[in-house]
Amino acid sequence: MSHRQVWKTARAKSFSDLQLQSEALPALKPDHVRVQVRAVGLNFADIFGIIGLYAAAPKTDFIPGLEFAGTVICTGDAVEDVKFGSAVMGVTRFGGYASVIDIKPAYCLPLPEGWSFEQGAAYPVQTLTAYYALKPLGDVRPGQNVLIHSAAGGVGLQAMRICQKLGANPLGTVGNPAKIDRLKTMGFNQVVVRTPNWVEQVKSILNGERLDLALDAIGGHVQKDTYKLLSPMSRLVVYGSAEFTPHGDRPNPLRLALKYLRRPLYDPMKMAGDNKSVMAFNLIWLYDQVNLFKEMIDALDRLELEPPFIGQSFPFTAAPQAVDHLRSGKSTGKVVLVVE
């Protein structure tokens, strides 16, 4: 195998810049393995990277993608703990939209027995995001009430499941009423649609109990109202800003500027008076913290989570359509690309 297929954008300004290309494979580094990719997981970071709104993305030629699953087809001379032919799932700091990936073994995990490649590609990023928000940052405890926005999305579903495993009580919100039934079939009955009175619905579910933790990747007025819902000594963990997702081919600068000016702003002195905390993170920086990465993966293994729910699969050649579906807000669960 001398070449691979990749989806690349040279300018990172619009979705139409994303093009399928063929490129030569370099010599495999001694401390890397080469993976024949079978599935790629999509994330909102891909969307913002493609249009140049993701600060951590490369500023030159850009291949989106943070997670994948496939088969090891070659190992470097210095690699001992990953074998040829192993089925793996892994994370990469961009470059995931590719038919072949060279990567260090530390970022590969064995594909669990009975899991499909699609399920493997859907697991690492969304599950680590959910866990990091809930446990290291949110310090969730058994019996606590946790509000999770976008509960039917990839991260949201994993957060709902992890909450249950940790003995907490998850309450979810969704933007589309059609997603309620999907969550109910998974055993999540405390879910509301974000209609104008969603705050009152959440209060009704809480029935006077505390709201101890909230997870938000939407931003805007949803985040502002969520902060108000928190009880004293509670936490809001922010890991995204979906409200900035453009619906056209490229961002509208004026619309982005207005949303930016109207974004939630937090005064530390008032927060101290309210006795509430706000924390935010970008999981991409976990890539440099290998020990923490392994520690969190081990903790997740002990929870024995079910395989991720795959909402929609697209052929690798249909990456633009898959990205469009993810940013439409109509997706449920994980969106993946399947490499034949």
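Everything below is about the structure shown above.
Just so you know, the residues in each chain are numbered from 1, in the order the chain's sequence is written. In keeping with the predicted nature of the model, local features appear solely for residues at pLDDT of at least 70, side-chain atom pairs appear and are counted solely at 80 or more, and the whole-chain, interface and lining totals rest on all residues. Each side-chain value is worked out from all heavy atoms of the structure, with water and hydrogens disregarded.

Draft legend 1. Representation of the sheet that holds strand β13 (residues 276-280) in the model. A pair of strands is considered paired only if DSSP assigns at least 2 bridges between the two. Think of it this way: any DSSP run of H or I at least four residues long counts as a helix, any run of E at least two long counts as a strand, and we number them from the N terminus. Across the sheet, six strands lie side by side as β10-β9-β8-β11-β12-β13; this open sheet has parallel pairing. Each end of this open sheet is capped by a strand with a single partner; those strands are β10 (191-193) and β13. Averaged over all neighbouring strand pairs, the angle between strand axes comes to 15°, with direction disregarded. Of the strands in this sheet, β8 (145-148), β9 (169-174) and β10 touch helix α6 (residues 198-206), which is tilted by about 165° from β10. To obtain an axis, a line is fitted to C-alpha atoms, over the contacting stretch when the element is a helix, and the angle between two such axes runs from 0 to 180 degrees between their N-to-C directions. Residue contacts are counted whenever heavy atoms from the two residues lie within 4.5 Å of one another.

Draft legend 2. Representation of helix α7 (residues 220-229) within the structure. Burial classes: relative accessible area under 20% of the type maximum marks a residue as buried, over 50% as exposed, and values in between as partly exposed (1.4 Å probe, protein chains only). Buried within α7 are the following residues: G220, V222, Q223, T226, Y227 and L229. Projected down its long axis, α7 shows its buried positions confined to an angular sector of 165°, all on one face. What points out from α7, more than 90 degrees from its buried face, is the exposed set H221 and K228. Packed against the buried residues of α7 are β8, α6, β11 (213-216), β12 (234-238), α9 (268-274) and β13. By construction, the arc corresponds to the directions joining the helix axis to the C-beta atoms.

Draft legend 3. Region of interest: the nonpolar core. Counting 97 residues, the largest nonpolar core has L134, V146 and I162 as the members making the most contacts within it. Per-element tally for this core: the top contributor is helix α3 (residues 124-137), with seven residues. Contacts of V146, omitting those with residues within four sequence positions, involve L134, V140, C163, A168, N169, P170, L171, L211, L213 and L215. We define the nonpolar core as a collection of buried residues of types Ala, Val, Leu, Ile, Met, Phe, Trp, Tyr and Cys that are connected through side-chain atoms lying within 4.5 Å of one another. In this structure, V192, V202, I218 and L229 belong to the second largest nonpolar core, which totals 17 residues.

Draft legend 4. Layout of the environment of R182. With respect to the helices, strands and loops of the structure, R182 is situated in helix α5 (residues 178-185). Sequence separation between R182 and L28 is 154 residues; the distance between their C-alpha atoms is 44 Å.

Draft legend 5. Here's a closer look at the packing of aromatic side chains. Pairing of aromatic side chains here covers Phe, Tyr and the six-membered ring of Trp, requires ring centres within 6.5 Å, and sorts the geometry by plane angle: under 30 degrees stacked, over 60 edge-to-face, intermediate tilted. A full pass over the atoms with the stated rule returns eight aromatic pairs. Ring centres 4.0 Å apart and planes at 5° place the aromatic pair Y107 and Y287 in the stacked group. Residue Y107 is located in the loop between β6 (100-103) and β7 (108-110), and its partner Y287 is located in the loop between β13 and α10 (290-303); the two are separated by 180 residues in the primary sequence. This pair shows no difference in class: Y107 is buried, exactly as Y287 is. Plain terms: the ring middles of Y132 and F281 are 4.9 Å apart, the flat faces sit at 75° to each other, and that makes the pair edge-to-face. Within this pair, whereas Y132 is found in helix α3, its partner F281 is found in the loop between β13 and α10, the two being separated by 149 residues in sequence.

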